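# Residue-level structural notes
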Amino acid sequence: MKIAVYNYREFDEGAYFEKFSKIYNVEIVRIDDAPDLQNANLAKGCFGVSVITTAITKDIIQTWSHLGIKHISTRTIGYDHIDLESAKDLGMTVSNVTYSTASVANYTVMLILMALRKMKMVMRRAVGFDYSLENSIGMELENKTVGVVGTGAIGQKVIQNLSGFGCKIIATDPFIKKEVTKYAQYVSLEKLIKESDIITFHVPALEDTYHIVRQETIDQMKDGVILVNTARGSVINTTDLIKNLENGKIGACALDVIENELGLYYQDYKYQVIGNHELSILRDMPNVLLTPHLAFYTEQAVSDMVENSIASIVASFNGEENKFKIC
Ligand code: NAD
């Protein structure tokens, strides 16, 4: 059975594709670029395609369907980049993957600590030999209330990690998880927004998580609140975020994800104009940490992604139960 792997990255995924294609007895068709209408036909003869977070549009899905592709697997947890309705209409199945939750959870804690210790400016100043103390005083996590929005796989791990720091942890999620109640108190989103010094997001991009952070909710937050987003850009209204960073209501933020990042992150823009005004404004703020959607990026996570993407297409091919299936 053949699998077309788009955005194939030799430098980090190559060794794992070699290893797991042997274990699962599949042939990999390597395609280095993101899928588009020009290269969609390279998947001809494959049962499934493996993709990452680039736009998987109706046109591409239709082309694959005509070629006989039956399954789309994204080597990511998030799947909002795939037109699921089109895939469903054409009778194709779609799956995502799970991978080491420590990857994003550890990264989230790092971002929280970096924001509290003003690390962006401390490091920037040190590059210019400015070793003065003025304006670099930080804050300690132990004295803070951290609000965790979403207590799924990653949110739970974040809470477990944070429990070692002695901070107060409150959380919100429509589904209460018993393990979480060992370390955190469940509250409503409204209460969490009002009482948190730091708010960290671990929810998927859904209709009801769209712009959880907007002017109306920012008004309810504590002055100087710190926002951390390693979930999806759509959770935060970037225009309102900038306005409230400029007027000082929001004290700092750390964003591994941002609205309109598709097509920008994972590319080298060194010699190009990025053409994203909001990102350009945020980049220059001393209290805003930006990273290009790589919280997941560890050796263990990449190994898990490759293996689970192959395993999911194989399960679908064999007509077995596919625990990664979305639709
Ligand atoms: P998950 O599905 O295990 O957990 C999501 C949780 O959010 C669930 O418990 C769900 O009940 C909860 N939820 C849904 N709507 C909610 C709402 N309105 N309010 C509060 N909670 C709500 O997902 P996960 O594996 O924990 O991942 C969380 C998100 O992190 C993913 O959706 C993905 O977008 C993002 N992510 C980012 C990276 C990265 O590199 N930055 C990597 C992996 C995942």
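Remember, it's a predicted structure, so these values are computed and weren't measured experimentally. (Residues numbered from 1 in each chain as written. Predicted model: local features only at pLDDT ≥ 70, side-chain atom pairs only at ≥ 80, totals over all residues. Heavy atoms only, no water.)

Adjacent strands of a sheet pair through backbone hydrogen bonds, lying either parallel or antiparallel. An order of 8-7-6-9-10-11-12 is seen for the 7 strands of this open sheet, with the pairing classed as parallel. Edge positions in the sheet fall to strand 8 (185-186) and strand 12 (288-290), since each has one partner strand and no second. The pairing of strand 10 (residues 225-229) with strand 11 (residues 250-255) spans 5 bridges and is classified as parallel. Within strand 11, the residue paired with Val 225 across the bridge is Ile 250. Packed on one face of the sheet, helix 6 (residues 153-162) meets strand 6 (145-149), strand 7 (168-172) and strand 9 (198-201) and runs near 165° to strand 6. Lying on the sheet, helix 9 (residues 238-246) is in contact with strand 10, strand 11 and strand 12; it crosses strand 11 at an angle near 135°. (Pairing = 2+ DSSP bridges. Helix = DSSP H or I, 4+ residues; strand = E, 2+ residues; numbered from the N terminus. Contact = heavy atoms within 4.5 Å. Axes fitted to C-alpha atoms, helices over the stretch in contact; angles between N-to-C directions.)

Per the counting criterion, the structure on display carries 15 salt bridges. A salt bridge links Arg 75 to Glu 13, with the shortest nitrogen-to-oxygen separation between them at 3.0 Å. On the criterion of sequence distance, the pair formed by Arg 75 in the loop between strand 4 (71-74) and helix 3 (84-89) and Glu 13 in the loop between strand 1 (2-5) and helix 1 (14-24) is long-range, its members being 62 residues apart. Of the two residues, Arg 75 and Glu 13, neither departs from the other in class, the shared state being buried. A salt bridge links Lys 88 to Glu 85; the nearest nitrogen and oxygen atoms lie 3.4 Å apart. Note that Lys 88 and Glu 85 are positioned in helix 3 at a spacing of 3 residues, about one turn of the helix. (Salt bridge = Lys/Arg side-chain N within 4 Å of Asp/Glu carboxyl O. Buried < 20%, exposed > 50% of the residue type's maximum accessible area, 1.4 Å probe, protein only.)

A sheet is described by the order of its strands in space; here 5 strands give the open sequence 2-1-3-4-5, paired in parallel fashion. Both outer strands of the open sheet, strand 2 (27-30) and strand 5 (93-95), are each paired with one neighbouring strand and no more. When strand polarity is set aside, the average angle formed by the axes of neighbouring strands in this sheet is 20°. Note: strand 4 against strand 5, 3 bridges, orientation parallel. For His 71, the partnering residue across the bridge sits in strand 5 and is Thr 93.

Time to look at the environment of Lys 19. With respect to the secondary-structure elements, Lys 19 resides in helix 1. Judged by relative accessible area, which is 46%, Lys 19 ranks as partly exposed. Separated by 153 residues in the primary sequence, Lys 19 and Thr 172 have C-alpha atoms spaced 40 Å apart.

This paragraph deals with helix 1. Restricting attention to buried positions, one finds in helix 1 the residues Gly 14, Phe 17, Phe 20 and Ser 21. Buried residues of helix 1, seen end-on, are gathered within an arc of 135° and therefore sit on one face of the element. The outward face of helix 1, more than 90 degrees from its buried face, is lined by the exposed residues Ala 15, Glu 18, Lys 22 and Ile 23. Those residues of helix 1 hidden inside the fold are in contact with strand 1, strand 2 and helix 11 (299-317). Positive backbone phi, at 55°, marks Asn 25, one or two positions downstream of helix 1. (Arc of directions from axis to C-beta.)

Let us now look at the site of the ligand. Within the structure, the ligand sits among 26 residues, and Tyr 99, Ala 153, Ile 154, Asp 173 and Asp 256 are positioned closest to it. Asp 208 is positioned with one of its side-chain polar atoms (N or O) 3.4 Å from a nitrogen atom of the ligand. At 2.9 Å from a nitrogen atom of the ligand is found a side-chain nitrogen or oxygen belonging to Asp 256. The protein chains hide 85% of the 870 Å² of surface that the ligand would expose on its own. Split into classes, the residues belonging to the shell around the ligand amount to 13 nonpolar, 8 polar and 5 charged. (Near = heavy atom within 4 Å. Polar contact = N/O pair within 3.5 Å; in protein donor to acceptor, adjacent residues only side chain to side chain. Areas by Shrake-Rupley, 256 points an atom, 1.4 Å probe, with all protein chains shown as cover. Nonpolar A, V, L, I, M, F, W, Y, C, P; charged D, E, K, R; others polar.)

Below, the discussion takes up the domain arrangement of the protein chain. For an interface, size is often stated in terms of accessible area lost upon the parts coming together. The domain architecture assigned to the protein chain consists of domain 1 (2-99 + 298-317) and domain 2 (101-290). Its C-alpha centre places domain 1 at a distance of 30 Å from the equivalent point of domain 2. The interface of domain 1 with domain 2 comprises 9 residues on the first partner and 7 residues on the second. In total, about 670 Å² of surface goes out of reach between domain 1 and domain 2, with carbon and sulfur atoms giving 60% of it. When residues of domain 1 are sorted by the area they lose upon contact with domain 2, Thr 53, Asp 80 and Tyr 99 head the list and together hold 57% of the total. Joining domain 1 to domain 2, the criterion identifies 1 salt bridge. Of the charged contacts, one joins Arg 232 and Asp 80 as a salt bridge, the two residues approaching to 3.1 Å between their closest N and O atoms. At the junction of domain 1 with domain 2, the criterion picks out 2 residue pairs in polar contact (both at pLDDT 80 or more). (Domains from an automatic or database assignment. Buried area = accessible area lost by both parts, 1.4 Å probe.)

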